[in-house]
Amino acid sequence: MRKKVFVPALCLLLIFAAAILGTLGMNGRTGDGVTRCLLIGCDRFVSMPGTEPASVNNVETMEALLTDFLPENTAVTRQVNGPGTVAGFEQLIADVFREAKETDTALIYLSTHGLLREEAEGRKMSLLLSDGTEEEQLSPESLLEMLAGVSGEKVLILDACHSGAVIGCGWEGENLFEGSGCRILVSSGAMEDSWFWNTETDEYTGTGYFTAAMDRALRASDPEQIDPDGSGDVSLKELTARLGGIHGASTVYCYPEESGERLFILPADRKTGSRLQGVTFGQPVLDGNAVLLPIHFRAGESVRVMYQLVPGQNGKWDFEHAVRLPDREKTGLIRGLVSPGEKERKIRLTVKNLGEDGRALMQIISFSGDALTPSVEAGTVIKLDN
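It should be emphasised that the depicted structure is a prediction, and the values quoted were computed from it without experimental measurement.

Calculation notes
- Residues numbered from 1 in each chain as written.
- Predicted model: local features only at pLDDT ≥ 70, side-chain atom pairs only at ≥ 80, totals over all residues.
- Heavy atoms only, no water.
- Phe/Tyr/Trp six-rings, centres within 6.5 Å; stacked < 30°, edge-to-face > 60°.
- Helix = DSSP H or I, 4+ residues; strand = E, 2+ residues; numbered from the N terminus.
- Buried < 20%, exposed > 50% of the residue type's maximum accessible area, 1.4 Å probe, protein only.
- Lys NZ or Arg CZ within 6 Å of the ring centre and 35° of its normal.
- Pairing = 2+ DSSP bridges.
- Contact = heavy atoms within 4.5 Å.
- Expected span 1.5 Å × (residues − 1).
- Salt bridge = Lys/Arg side-chain N within 4 Å of Asp/Glu carboxyl O.
- Core = buried A, V, L, I, M, F, W, Y, C linked by side-chain atoms within 4.5 Å.

## As for the packing of aromatic side chains
For any two aromatic rings, the description comes down to two numbers: the centre-to-centre distance and the angle of the planes.
Point 1. Applying the stated criterion across every chain yields a total of two aromatic pairs.
Point 2. A ring pair is formed by W195 and F319, whose centres lie 5.2 Å apart and whose planes are at 55 degrees; its orientation type is tilted. One end of the pair, W195, is in strand β11 (residues 195–198); the other, F319, is in the loop between β20 (316–317) and β21 (323–326), with 124 residues separating them in the sequence. This pair shows no difference in class: W195 is buried, exactly as F319 is.
Point 3. Here the aromatic rings of Y209 and F319 are separated by 6.1 Å at their centres, their planes lie at 40 degrees, and the arrangement is tilted. Note that Y209 is positioned in helix α4 (residues 209–220) and F319 in the loop between β20 and β21, a separation of 110 residues in sequence.
Point 4. Three or more aromatic residues joined by ring pairs make a cluster, and in this case those are W195, Y209 and F319.
Point 5. The cationic tip of R359 hangs over the ring face of W317; the distance from NZ or CZ to the ring centre is 4.2 Å.

Structure representation (structure tokens):
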């Protein structure tokens, strides 16, 4: 694993299992259903490079989201770096959801590596369970079997390399969870990587791009962007659509695709928790040897903003050769220091910076504090039609 400042390291897997919503459960039922959430993050591995502190921070981010966007009748269990065996994972699920009833909901979140392996019958995907000493691979089939024993509603959110394989997205494999009754959100297609970032300047800084995008989608989107029907709730379909607009590092898929049942509550008094709100990307336009990308956002406070263009090489993002541009605004002598208010930008990029694949990942990065700690606010893929 190569660690770079502001640069993603390896593939990361997150199974986020998302939400459900108290007194009127996620399916709209009335009753006193309980939402039980299991959040697991693995950073220490036997066979793969470590990912610290990404999974720990992912768990913390998810716990904060569940606290703010689920009802009070919610219980959260956390475990970091473990279990390291399939049997231990199964026992943990049994313990956390032992008292689950049909009116309840189970939420499971797992942050770890996702793996593809070649077998006689073809490619198989698995999730890596590890506590740094013990390590085993969890197959989607085993996960499905475990969840079948849990009563009530089940929601999985998977942020992992190749996580789309679980629901047959991004390749021609089958949807293993079809007809299972589970709602699932995955961060990447079956043949895609999921990325996280960390820095060398602060050992506590770093998180998964997909995790950050979920946080921004729920906290920093304008109501019409995350709740277009104005219901006050966020469905799986609505969340997936918004993530598709601000998370460019990988392709977001969900199952069922048209799920309109409530997944999260959108409080009227929600705190943005983000320095930029309402981010939207326009369509890129070719202008000679340059590309113009329209961007709109609202700065809630004075903040330094930078745009990072990551070229595509051999089907992957080449973060090693990313081009970084400060925002054009200048406050005093500091270029890129943006004042509060609505901002309209047209970022001009040269075609050659799109990389050999003819596409690039554009990310908006903000900085805070004296150490100028970076946060990825949003991203999109730029690809010109041939």
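## As for the pairing of strand β8 (residues 135–138)
Point 1. In this structure, strand β7 (residues 122–130) lies alongside β8, joined through four bridges in antiparallel fashion. By the bridge assignment, L127 is partnered in β8 with L138.
Point 2. Where β7 folds back on β8, the antiparallel hairpin that results is connected by four residues, among which G132 adopts a positive phi of roughly 95 degrees.

## Some remarks on the environment of M306
Point 1. With respect to the helices and strands, the residue M306 is situated in strand β19 (residues 303–313).
Point 2. A residue is classified by how much of its surface remains accessible, and M306, at 11% relative accessible area, is buried.
Point 3. Dropping the residues within four chain positions of it, M306 is found in contact with R324, L325, P326, D327, Q363, I364, I365 and F367.

## Observations regarding the side chain of H247
Point 1. As for its placement among the helices and strands, H247 is situated in the loop between α6 (236–246) and β14 (253–255).
Point 2. Every residue in contact with H247, bar those within four places of it in the chain, is listed here: S187, Y209, F210, A213, V252 and G379.

## Examining α4
Point 1. Taking 1.5 Å as the rise per residue, α4 with twelve residues should run 16 Å; its terminal C-alpha atoms sit 15 Å apart, in good agreement.
Point 2. Most of α4 is tucked away, with twelve of its twelve residues classed as buried.
Point 3. When we look at burial in α4, the residues that qualify are Y209, F210, T211, A212, A213, M214, D215, R216, A217, L218, R219 and A220.

## A closer look at the pairing of β19
Point 1. Counting buried positions over the eleven residues of β19 gives nine, a clear majority of the element.
Point 2. Strand direction decides the pairing type here: β19 and strand β24 (residues 337–338), joined by two bridges, are antiparallel. Each bridged residue has a counterpart across the sheet, and for V303 the counterpart in β24 is V338.
Point 3. As defined by bridge partners, β19 adjoins β21 across four bridges and the pair is classed as antiparallel.

## A look at the pattern of salt bridges
Point 1. One pass over the structure, following the stated rule, counts 21 salt bridges.
Point 2. Residues D193 and K316 are paired through a salt bridge, measuring 2.6 Å at the closest nitrogen-oxygen approach. Of this pair, D193 sits in the loop between β10 (182–186) and β11 while K316 sits in strand β20, and the two are 123 residues apart along the sequence.
Point 3. Taking relative accessible area as the criterion, D193 reaches 12% and is therefore assigned buried.
Point 4. K316 gets classed as partly exposed once you look at its relative accessible area, which sits at 43%.

## A short note on the nonpolar core
Point 1. Counting residues in each nonpolar core, the largest one holds 50 residues, and the members touching the most others are L185, M214, L239, L243, F264 and M362.
Point 2. Setting aside residues no more than four positions away along its own chain, M362 makes contact with F281, L293, Y307, Q308, L309, I347, L349, A378, G379, T380 and I382.
Point 3. Within the second largest apolar cluster, 38 residues are counted, among which are V86, V96, L129 and F177.

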